[in-house]
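Results of the structural survey
Below, each chain spelled out in residue letters.
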Amino acid sequence: MRKKVLICLLVLGLCVSTASAQFGIGIVYDPTNYSNALLRYFQLQQQLIQLRNSYAQLVSQYQLAVHMAKNLQNMPARYRAQFSPWRNVAARDAYANTSGWINGANSGQPQTVLAGYQRATTQLAAYDPATLSGMNRDELARVKSQYASVELADGANTNALLTIGSIRGNAQTLEARVSNLEQDSLSGDLALNSEVQVLNKINAANVLTLRSIQDSNKLLAALLEQQTIVAKQQREATTNAINADISRRASLTGNMAQVSSTLTTSLQNFRMP
């Protein structure tokens, strides 16, 4: 179409003189005005084509937006899953010394945990100062090290109970938050599926994940503390055995030297009657 218009303009420019001509009665033909009119007509055609292309592009974008805004049908039936609930620890209490431990492990309250742990465990007695002063250096160091192992084990055990209890104590609240997030995520309500709402749900899920990771790290730290104390106790047992062997060998060497010296003296002083 564009080529035809340009050819017409070229023919008119070559064939028509610059002077005005008359066709019929009272009609004046101006080739310049006619050329400008054809040029404007051609420009209008190009604008119309551009408008049609823009309209087609807008329609395509609108259809894509409508398609992206559609929700999956019946999402709860398709994706909802059941998980095992958190359960509190339970135990028999034949001699009335386990209820405090159980309550502390289920609630995470510090005073309940400490009182329950002390009631359920054998209390560590203290050495008499006179007894400690009568020990030699090696024996005193061994006793103090073993005493420290028990105290550290008590601290690690109570810390583990506090961690477990706090996690169990917050389990119901956390379950409720996860349930709310699940319902909002599977809901077909348009008010809960806008772009901002979806981003908010994603952020909430990330925060819950970080909280769960923190709880897992706390449990791992409590386990590591207990393993460290067990390793300390194993080291003490090995160290005490080595030190006892060293002391035994040193005593044996000294005793053998004393026996040899005494035997030599006795042989030298021995006289037949």
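Residues numbered from 1 in each chain as written. Predicted model: local features only at pLDDT ≥ 70, side-chain atom pairs only at ≥ 80, totals over all residues. Heavy atoms only, no water.

**Some details on the overall build of the protein**
Condition: Only DSSP runs of H or I with at least four residues qualify as helices, and only runs of E with at least two residues qualify as strands; both kinds are numbered from the N terminus onward. In this scheme, a residue with accessible area under 20% of its type's maximum is buried, one over 50% is exposed, and one in between is partly exposed, where area comes from a 1.4 Å probe on protein chains only. Residue contacts follow a heavy-atom distance rule, with two residues in contact if any of their heavy atoms lie within 4.5 Å. Here the open area of atoms and residues is found with the Shrake-Rupley method and a 1.4 Å probe, where only the protein chains shown may cover a residue.
In terms of regular secondary structure, the protein is built from nine helices and two strands. Each helix and strand of the protein, placed in order from N terminus to C terminus, yields the pattern α-β-β-α-α-α-α-α-α-α-α. Here the protein holds 273 residues, and the buried ones make up 14% of them. Put simply, 64% of the contacts in the protein that link residues at least 6 apart link residues at least 24 apart. A total accessible area of about 21,400 Å² is found for the protein, and carbon and sulfur atoms account for 59% of it.

**Focus: the packing of helix α4 (residues 99-107) against helix α7 (residues 137-169)**
Filter applied, for reference: Lines fitted to C-alpha atoms define the axes here, with helix axes fitted over just the stretch in contact, and angles between the N-to-C directions of these axes take values from 0 to 180 degrees. Note that the term roughly parallel is reserved for angles under 35 degrees, roughly antiparallel for angles over 145, roughly perpendicular for angles of 65 to 115, and oblique for everything else. When residues are grouped by polarity, Ala, Val, Leu, Ile, Met, Phe, Trp, Tyr, Cys and Pro land in nonpolar, Asp, Glu, Lys and Arg in charged, and all others, Gly among them, in polar.
Direction vectors running N to C along α4 and α7 enclose 60°, while the axes themselves pass 4 Å from each other. Classified by the angle their axes make, α4 and α7 are oblique. Of the residues in α7, those in contact with Trp101, Gly104, Ala105, Asn106 and Ser107 of α4 are Leu161, Ile164, Gly165, Ser166, Arg168 and Gly169. The class makeup of the residues in the contact of α4 with α7 is four nonpolar, six polar and one charged.

**Here's the deal with the side chain of Lys201**
Applied cut-off: Lys and Arg are tallied as positive, Asp and Glu as negative. Neither His nor the chain termini are counted. When a carboxyl oxygen of Asp or Glu is within 4 Å of a side-chain nitrogen of Lys or Arg, the pair counts as a salt bridge.
Mapped onto the fold, Lys201 is located in helix α9 (residues 195-268). The side chain of Lys201 sits in the buried core without any salt bridge; Asp184 is the nearest counter-charge, 6.7 Å away. The contacts of Lys201, once residues within four sequence positions are left out, are Leu181, Asp184, Ser185, Leu192 and Asn193.

**So, the pattern of salt bridges**
Per the stated rule, a full pass over the model turns up two salt bridges. Among the salt bridges present, the one from Glu182 reaches Arg80, with a minimum N-O distance of 3.7 Å. Of this pair, Glu182 sits in helix α8 (residues 171-186) while Arg80 sits in the loop between α3 (75-79) and α4, and the two are 102 residues apart along the sequence. Of the charged contacts in the structure, one is a salt bridge between Lys232 and Glu236, with a shortest N-O distance of 2.2 Å.

**A closer look at α8**
An α-helix turns once per 3.6 residues; consequently, residues spaced three or four apart project the same way. To keep things clear, this is the line we draw: How far a helix is expected to stretch is found by multiplying one less than its residue total by 1.5 Å. This arc is taken over the directions from the axis of the helix to the C-beta atoms.
With 16 residues, α8 should cover 22 Å at 1.5 Å per step; its first-to-last C-alpha distance of 22 Å lies within 8% of that length. Within α8 the residues assigned to the buried category are Ala171, Leu181 and Leu186. Seen from one end, α8 has its buried residues packed into an arc of 120°, which puts them on one side.

**Some thoughts on unusual backbone geometry**
The phi dihedral of Ala96 is positive, around 55°, even though this residue is not glycine. By secondary structure assignment, the location of Ala96 is in the loop between α3 and α4.

**Some details on α4**
What α4 keeps buried is the set Gly100, Ile102, Gly104, Ala105 and Asn106. Next to the buried residues of α4 lie α5 (110-120) and α7. Positive phi appears at Gly108, one or two residues downstream of α4, with a value of about 80°.

**Examining the environment of Glu182**
By relative accessible area, which is 25% here, Glu182 ends up partly exposed. On a C-alpha basis, the gap between Glu182 and Pro76 in space is 9.0 Å, while along the polypeptide they are 106 residues apart. Filtering out sequence-adjacent residues up to four positions away, Glu182 remains in contact with Arg80 and Ala81.

**Overview of the side chain of Thr163**
Along the chain, the position of Thr163 falls in helix α7. Exposure remark for Thr163: the relative accessible area of 10% places this residue in the buried category. Not counting residues within four places of it along the chain, the set of residues in contact with Thr163 comprises Lys218 and Leu219.

**Observations regarding a nonpolar patch on the surface**
For the record, the criterion: Only residues whose relative accessible area exceeds 30% and that form no salt bridge are eligible for patches; like-charged ones are grouped when within 9 Å, while nonpolar side chains (Val, Leu, Ile, Met, Phe, Trp, Tyr) are grouped when within 5 Å.
A cluster of nonpolar residues, Val198, Leu199 and Ile202, forms a patch on the protein surface that exposes about 230 Å² of accessible area. Inspection of the secondary structure assignment puts Leu199 in helix α9.

**Digging into the packing of α4 against α5**
How we decide: Note on convention: the crossing is left-handed when the near helix lies turned anticlockwise from the far helix by less than a right angle, right-handed when the turn is clockwise.
Between α4 and α5, whose axes approach to 7 Å, the crossing angle comes to 145°. Crossing of α4 over α5 shows left-handed handedness. Between α4 and α5, the contacting residues are Gly100, Trp101, Asn103 and Gly104 on the first element and Thr112, Val113, Gly116, Tyr117 and Ala120 on the second. Per-class residue counts for the contact of α4 with α5 are four nonpolar, five polar and no charged.

**Notes on the environment of Leu174**
Examined against the element boundaries, Leu174 turns out to sit in helix α8. As for Leu174 and Arg211, which are separated by 37 residues in sequence, their C-alpha atoms are 9.7 Å apart.

**Remarks on the environment of Ala96**
On the basis of relative accessible area, Ala96 is assigned to the partly exposed category, the value being 39%. Taking the C-alpha atoms as reference, Ala96 lies 8.9 Å from Ala120; in sequence the two are 24 residues apart.

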